[in-house]
Amino acid sequence: MTELTVPPDADEERTADLVREHVSVGDTVEIWGRERTDADDPEHSGVVTGFETGYLELEGDSPEEKSVRYDEIDTVIRAQTDDETPDSGP
């Protein structure tokens, strides 16, 4: 698992660039939002299916469904990469 925390002053374009550098299509991610409370569950999670203009596509959905806009992202945790299997260990 690796984590990316987006700098608070990053604009949408910079955030998109950072996310693209951190994750790849096929990776399973957890997204924590800028307006995060002390909740234990991520605001969004799923498999990255695309890097769209304005949002990170998860599970092929739009931002109105499962995907998330770049300006809402604070932290991205890459839980599993496309080439890992759930049973693979360190």
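Because the structure is a prediction, the values reported are computed rather than measured.

### Some thoughts on the pattern of salt bridges
Here is step 1: The full count for this structure, using the stated rule, is 3 salt bridges.
Here is step 2: Here R69 ties to D71 by a salt bridge, and the two come within 2.9 Å at their closest N and O atoms.
Here is step 3: The exposure class assigned to R69 is partly exposed, which follows from its relative accessible area of 38%.
Here is step 4: The salt bridge involving R69 is made with E72; its shortest N-O contact spans 3.4 Å.
Here is step 5: Classification of E72 by relative accessible area gives partly exposed; the value is 31%.
Here is step 6: Sharing partners across several salt bridges, the network here consists of R69, D71 and E72.

Each value, and the rule that gives it
Residues numbered from 1 in each chain as written. Predicted model: local features only at pLDDT ≥ 70, side-chain atom pairs only at ≥ 80, totals over all residues. Heavy atoms only, no water. Salt bridge = Lys/Arg side-chain N within 4 Å of Asp/Glu carboxyl O. Buried < 20%, exposed > 50% of the residue type's maximum accessible area, 1.4 Å probe, protein only.

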